[in-house]
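Below, each chain spelled out in residue letters.
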Amino acid sequence: MDEELAALYKAGIAAKRPDLGMMVEVPAAAIAIDCFEADFFSIGSNDLTQYVTAAGRDIGAVSGLADPSHPAMLRLFAAMARHSAASNREISICGDAAGDTAHIPALLAAGLRKLSVAPGLVGSVKLAISRLDLRTKSAAP
(Lines give C-alpha, C1' and ligand atoms only; values in the text may rest on other atoms or scores of the structure.)
Protein backbone atom coordinates (compact mmCIF):
# COMPACT_ATOMS: atom_id res chain seq x y z
CA MET A 1 0.00 0.00 0.00
CA ASP A 2 2.81 2.38 0.87
CA GLU A 3 4.43 1.74 -2.52
CA GLU A 4 1.17 2.47 -4.32
CA LEU A 5 0.64 5.67 -2.34
CA ALA A 6 4.16 6.77 -3.25
CA ALA A 7 3.46 6.04 -6.93
CA LEU A 8 0.25 8.07 -6.80
CA TYR A 9 2.05 11.00 -5.16
CA LYS A 10 4.81 10.79 -7.78
CA ALA A 11 2.16 10.87 -10.52
CA GLY A 12 0.66 13.98 -8.95
CA ILE A 13 -2.49 12.21 -7.81
CA ALA A 14 -3.79 13.20 -4.40
CA ALA A 15 -4.22 10.16 -2.20
CA LYS A 16 -4.56 9.31 1.45
CA ARG A 17 -3.84 6.04 3.16
CA PRO A 18 -7.14 4.59 4.37
CA ASP A 19 -7.55 3.21 7.86
CA LEU A 20 -6.99 -0.52 7.86
CA GLY A 21 -9.21 -2.59 10.09
CA MET A 22 -9.39 -6.16 11.19
CA MET A 23 -12.20 -8.67 11.50
CA VAL A 24 -12.02 -10.50 14.80
CA GLU A 25 -13.62 -13.85 14.09
CA VAL A 26 -11.44 -16.45 15.81
CA PRO A 27 -10.68 -16.90 19.51
CA ALA A 28 -6.92 -16.39 19.10
CA ALA A 29 -7.47 -12.94 17.58
CA ALA A 30 -10.03 -11.99 20.23
CA ILE A 31 -7.87 -13.12 23.14
CA ALA A 32 -4.70 -11.50 21.77
CA ILE A 33 -6.31 -8.42 20.21
CA ASP A 34 -3.54 -6.30 21.74
CA CYS A 35 -1.05 -7.99 19.39
CA PHE A 36 -2.62 -6.45 16.30
CA GLU A 37 -1.92 -2.97 14.98
CA ALA A 38 -5.19 -2.47 13.14
CA ASP A 39 -6.69 1.02 13.02
CA PHE A 40 -10.09 -0.40 14.00
CA PHE A 41 -11.70 -3.73 14.81
CA SER A 42 -14.94 -5.42 13.76
CA ILE A 43 -16.11 -8.42 15.74
CA GLY A 44 -17.65 -11.10 13.54
CA SER A 45 -20.09 -12.47 16.10
CA ASN A 46 -21.29 -15.48 14.12
CA ASP A 47 -17.93 -17.15 13.56
CA LEU A 48 -16.45 -16.07 16.88
CA THR A 49 -19.43 -17.46 18.80
CA GLN A 50 -19.30 -20.71 16.87
CA TYR A 51 -15.60 -21.21 17.58
CA VAL A 52 -15.67 -20.14 21.23
CA THR A 53 -18.66 -22.31 22.09
CA ALA A 54 -17.52 -25.22 19.87
CA ALA A 55 -21.04 -25.34 18.47
CA GLY A 56 -21.44 -25.34 14.71
CA ARG A 57 -24.30 -23.15 13.52
CA ASP A 58 -25.05 -25.63 10.76
CA ILE A 59 -25.26 -28.69 13.04
CA GLY A 60 -28.76 -28.84 14.48
CA ALA A 61 -27.80 -30.93 17.50
CA VAL A 62 -25.47 -28.22 18.85
CA SER A 63 -26.46 -25.02 17.04
CA GLY A 64 -28.48 -23.86 20.05
CA LEU A 65 -25.29 -23.79 22.11
CA ALA A 66 -23.78 -21.11 19.86
CA ASP A 67 -25.03 -18.34 22.10
CA PRO A 68 -23.43 -14.87 21.89
CA SER A 69 -24.67 -14.14 25.41
CA HIS A 70 -22.70 -17.06 26.86
CA PRO A 71 -20.49 -15.79 29.73
CA ALA A 72 -17.34 -16.66 27.75
CA MET A 73 -18.56 -14.53 24.84
CA LEU A 74 -19.52 -11.61 27.03
CA ARG A 75 -16.10 -11.70 28.72
CA LEU A 76 -14.39 -11.67 25.32
CA PHE A 77 -16.58 -8.81 24.11
CA ALA A 78 -15.83 -6.81 27.27
CA ALA A 79 -12.09 -7.45 27.03
CA MET A 80 -12.03 -6.34 23.40
CA ALA A 81 -14.09 -3.24 24.20
CA ARG A 82 -11.69 -2.34 27.04
CA HIS A 83 -8.70 -2.77 24.73
CA SER A 84 -10.39 -0.65 22.09
CA ALA A 85 -11.05 2.15 24.58
CA ALA A 86 -7.55 1.96 26.08
CA SER A 87 -5.88 2.04 22.66
CA ASN A 88 -8.28 4.67 21.26
CA ARG A 89 -9.34 2.42 18.40
CA GLU A 90 -12.89 1.97 17.23
CA ILE A 91 -14.57 -1.40 17.66
CA SER A 92 -17.87 -2.59 16.27
CA ILE A 93 -19.78 -5.84 16.21
CA CYS A 94 -21.56 -7.38 13.25
CA GLY A 95 -23.36 -10.61 12.63
CA ASP A 96 -26.50 -12.04 14.15
CA ALA A 97 -25.74 -10.89 17.71
CA ALA A 98 -25.69 -7.22 16.73
CA GLY A 99 -29.14 -7.37 15.17
CA ASP A 100 -30.81 -9.55 17.79
CA THR A 101 -32.62 -7.26 20.23
CA ALA A 102 -32.43 -9.94 22.92
CA HIS A 103 -28.63 -9.65 22.92
CA ILE A 104 -28.29 -5.87 22.70
CA PRO A 105 -28.44 -5.16 26.46
CA ALA A 106 -25.59 -7.60 27.11
CA LEU A 107 -23.52 -6.26 24.21
CA LEU A 108 -23.88 -2.69 25.44
CA ALA A 109 -23.17 -3.74 29.03
CA ALA A 110 -19.97 -5.34 27.74
CA GLY A 111 -18.91 -1.93 26.44
CA LEU A 112 -19.70 -2.28 22.75
CA ARG A 113 -21.26 0.86 21.25
CA LYS A 114 -21.22 0.31 17.49
CA LEU A 115 -23.56 -2.31 16.09
CA SER A 116 -23.50 -3.16 12.40
CA VAL A 117 -26.85 -4.60 11.34
CA ALA A 118 -28.82 -5.34 8.19
CA PRO A 119 -30.85 -2.34 7.00
CA GLY A 120 -34.13 -4.09 7.81
CA LEU A 121 -33.13 -4.40 11.47
CA VAL A 122 -32.08 -0.79 12.10
CA GLY A 123 -35.50 0.30 13.39
CA SER A 124 -35.91 -2.53 15.89
CA VAL A 125 -32.31 -2.16 17.08
CA LYS A 126 -32.73 1.59 17.61
CA LEU A 127 -35.96 0.99 19.50
CA ALA A 128 -34.32 -1.64 21.72
CA ILE A 129 -31.42 0.69 22.49
CA SER A 130 -33.75 3.59 23.25
CA ARG A 131 -35.43 1.48 25.93
CA LEU A 132 -32.20 0.79 27.80
CA ASP A 133 -30.70 2.62 30.74
CA LEU A 134 -26.99 1.82 30.57
CA ARG A 135 -26.45 3.16 34.06
CA THR A 136 -28.56 0.34 35.48
CA LYS A 137 -28.12 -2.07 32.55
CA SER A 138 -31.86 -2.62 32.39
CA ALA A 139 -34.73 -1.63 30.19
CA ALA A 140 -36.30 1.73 30.92
CA PRO A 141 -40.00 1.72 31.86
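Everything that follows concerns the structure shown earlier in this document.
Here's what I pulled together on the structure shown here. Sequence order sets the numbering: in each chain, residues are counted from 1 along the sequence as written. Local features are withheld for residues below a pLDDT of 70 in this predicted model, meaning they are given only at 70 or higher, and side-chain atom pairs are given and counted only at 80 or more; totals for whole chains, interfaces and linings count all residues. To get the side-chain values, take all heavy atoms of the structure and skip hydrogens and water.

## Considering the environment of Ala 54
Relative to the helices and strands, Ala 54 resides in the loop between helix 3 (45-53) and helix 4 (71-86). Spatially, the C-alpha atoms of Ala 54 and Leu 65 are 8.2 Å apart, while their sequence positions differ by 11 residues. Segments assigned H or I by DSSP are reported as helices when at least four residues long, segments assigned E as strands when at least two residues long, and all are numbered from the N terminus.

## Quick word on unusual backbone geometry
A positive phi is found at Ala 54, a non-glycine position, where the angle reads about 50 degrees. Working definition: with a 1.4 Å probe on protein chains only, accessible area under 20% of the residue-type maximum means buried, over 50% means exposed, and in between means partly exposed. Classification of Ala 54 as exposed rests on a relative accessible area of 68%. The backbone of Asn 88 sits at a positive phi, close to 55 degrees, despite the residue not being glycine. Inspection of the secondary structure assignment puts Asn 88 in the loop between helix 4 and strand 3 (90-94).

## Some words on the environment of Thr 101
If you trace the backbone, Thr 101 turns up in the loop between helix 5 (96-99) and helix 6 (104-109). Residues Thr 101 and Met 73 lie 28 residues apart in sequence; the distance between their C-alpha atoms is 16 Å.

## Considering the pattern of salt bridges
Whenever Lys or Arg places a side-chain nitrogen within 4 Å of a carboxyl oxygen from Asp or Glu, that contact is recorded as a salt bridge. Using the criterion set out here, one finds 3 salt bridges in the structure. With a shortest N-O distance of 2.3 Å, Asp 2 and Arg 17 are connected by a salt bridge. Of this pair, Asp 2 sits in helix 1 (residues 2-10) while Arg 17 sits in the loop between helix 1 and strand 1 (21-24), and the two are 15 residues apart along the sequence. The exposure class assigned to Arg 17 is partly exposed, which follows from its relative accessible area of 37%. In this structure, the salt-bridge partner of Asp 47 is Arg 57, at a minimum N-O distance of 2.9 Å. Of this pair, Asp 47 sits in helix 3 while Arg 57 sits in the loop between helix 3 and helix 4, and the two are 10 residues apart along the sequence.

## Thoughts on the pairing of strand 2 (residues 40-44)
Taken across its 5 residues, strand 2 has 4 buried, putting it largely inside the fold. One requirement defines pairing of two strands: DSSP has to find at least two bridges between them. Note: strand 1 against strand 2, 4 bridges, orientation parallel. What sits directly across from Val 24, in strand 2, is Ile 43. The pairing of strand 2 with strand 3 spans 5 bridges and is classified as parallel. Residue Ile 43 lies in a different strand from strand 3, and its bridge partner there is Ile 93.

That is the geometry; function is a separate question.
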